[in-house]
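Structural characterization, general
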Amino acid sequence: GAVVSQHPSRVICKSGTSVKIECRSLDFQATTMFWYRQFPKQSLMLMATSNEGSKATYEQGVEKDKFLINHASLTLSTLTVTSAHPEDSSFYICSASLSLGSLYGYTFGSGTRLTVV
Amino acid sequence: GEDVEQSLFLSVREGDSSVINCTYTDSSSTYLYWYKQEPGAGLQLLTYIFSNMDMKQDQRLTVLLNKKDKHLSLRIADTQTGDSAIYFCAESRSSGYALNFGKGTSLLVTP
């Protein structure tokens with residue numbers, strides 16, 4: 001249980017276009033979703049925290065107008081990279097916090113590899 | 001933010017034990033996790049420990065926590081080539097907070 005489905009797994013887009021990444025919680029309700037970015041051989045850097053029905057909270061240095069996050073339902077959060085540029089190429093991962101009985105933790109999507117050409 | 005530090009690389013022979021170390025600075029850390037990431041994949045939760053625990057064992061995995069020194073370790077017994085991956089230590093105050101990750105330890109298991 002506690003699966004987060006992330007799509008697409010890989011996308012290549014042209015500079016200036018927008019890309020939407022979806023994360024769905026399949027068998028639980030995710031009131032809080034986190035979006036991370038990972039550069040090659042580096043750790044995961046938190047971009048923003050989204051709570052269902054409210055505006056996302058962005059980390060310092062993350063442009064909220066460029067990385068649009070929508071968490072309109074308890075099972076779906078989306079990240080849209082607007083006007084993408086090659087420097088936006090990265091691995092994006094979503095994560096939902098969950099508390100299921102004795103298991104406290106987070107479940108992660110499988111990630112989206114974005115390449116902007 | 002608070003720091004989570006890990007050694008970047010570890011190489012062991014198949015069948016040996018691996019020990020991956022992690023230190024953290026946030027004294028409010030309540031939950032501590034170990035995640036595994038294989039190339040091009042997302043993160044897989046391996047195990048977790050609460051800050052009021054000293055040790056947790058789960059099959060081949062043993063987690064030791066020294067809260068006084070803010071030191072966490074992951075021991076993998078009988079390491080296999082399939083264990084080769086990047087292992088991330090992470091901490092949080094509660095499930096409502098984002099995880100704070102270390103830079104990851106790249107484990108290489110050689111035959």
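Relevant structure appears above.
In this text, all values refer to a predicted model and were calculated from it rather than measured experimentally.

What follows covers the environment of Q29 of chain A. Residue and element names in this part refer to chain A. Mapped onto the fold, Q29 is located in the loop between β3 (19–25) and β4 (32–38). A relative accessible area of 57% means that Q29 is categorised as exposed. Q29 sits 23 residues away from E52 along the chain, and the two C-alpha atoms are 9.7 Å apart.

Now for the pattern of salt bridges. Counted by the stated rule, this structure contains 5 salt bridges over all chains. Across the salt bridge formed by R24 of chain A and E22 of chain A, the nearest N and O atoms sit 3.5 Å from each other. Exposure remark for E22 of chain A: the relative accessible area of 28% places this residue in the partly exposed category. Among the ionic pairs, K36 of chain B bridges to E38 of chain B, the shortest N-O distance being 3.7 Å.

All names here are of chain B. Looking at the element boundaries, D78 is found in the loop between β8 (71–76) and β9 (85–92). For D78, a relative accessible area of 42% puts it in the partly exposed group. C-alpha separation for the pair D78 and R13, spaced 65 residues apart in sequence, amounts to 9.3 Å. In contact with D78, other than residues within four places in its own chain, are G15, D16, S17, R60 and D83.

Here is what the cut-offs are and how they apply
- Think of each chain on its own: its residues are numbered from 1, step by step along the sequence as written.
- Lettering of chains starts at A and numbering of ligands starts at 1, both following the order in which they are written.
- Reporting of local features is limited, given that this is a predicted model, to residues whose pLDDT is at least 70; pairs of side-chain atoms are given and counted only at 80 or more, and all residues count toward the totals for whole chains, interfaces and linings.
- Computation of side-chain values covers all heavy atoms of the structure but excludes hydrogens and water.
- Strands are runs of DSSP state E lasting at least 2 residues, helices are runs of H or I lasting at least 4, and numbering of each runs from the N terminus.
- Only protein chains enter the accessibility calculation, which uses a 1.4 Å probe. A residue is then buried if its area is under 20% of the maximum for its type, exposed if over 50%, and partly exposed in between.
- Salt bridges are defined as contacts in which a side-chain nitrogen from Lys or Arg sits within 4 Å of a carboxyl oxygen from Asp or Glu.
- In this analysis, two residues are considered to be in contact whenever any of their non-hydrogen atoms come within 4.5 Å of each other.

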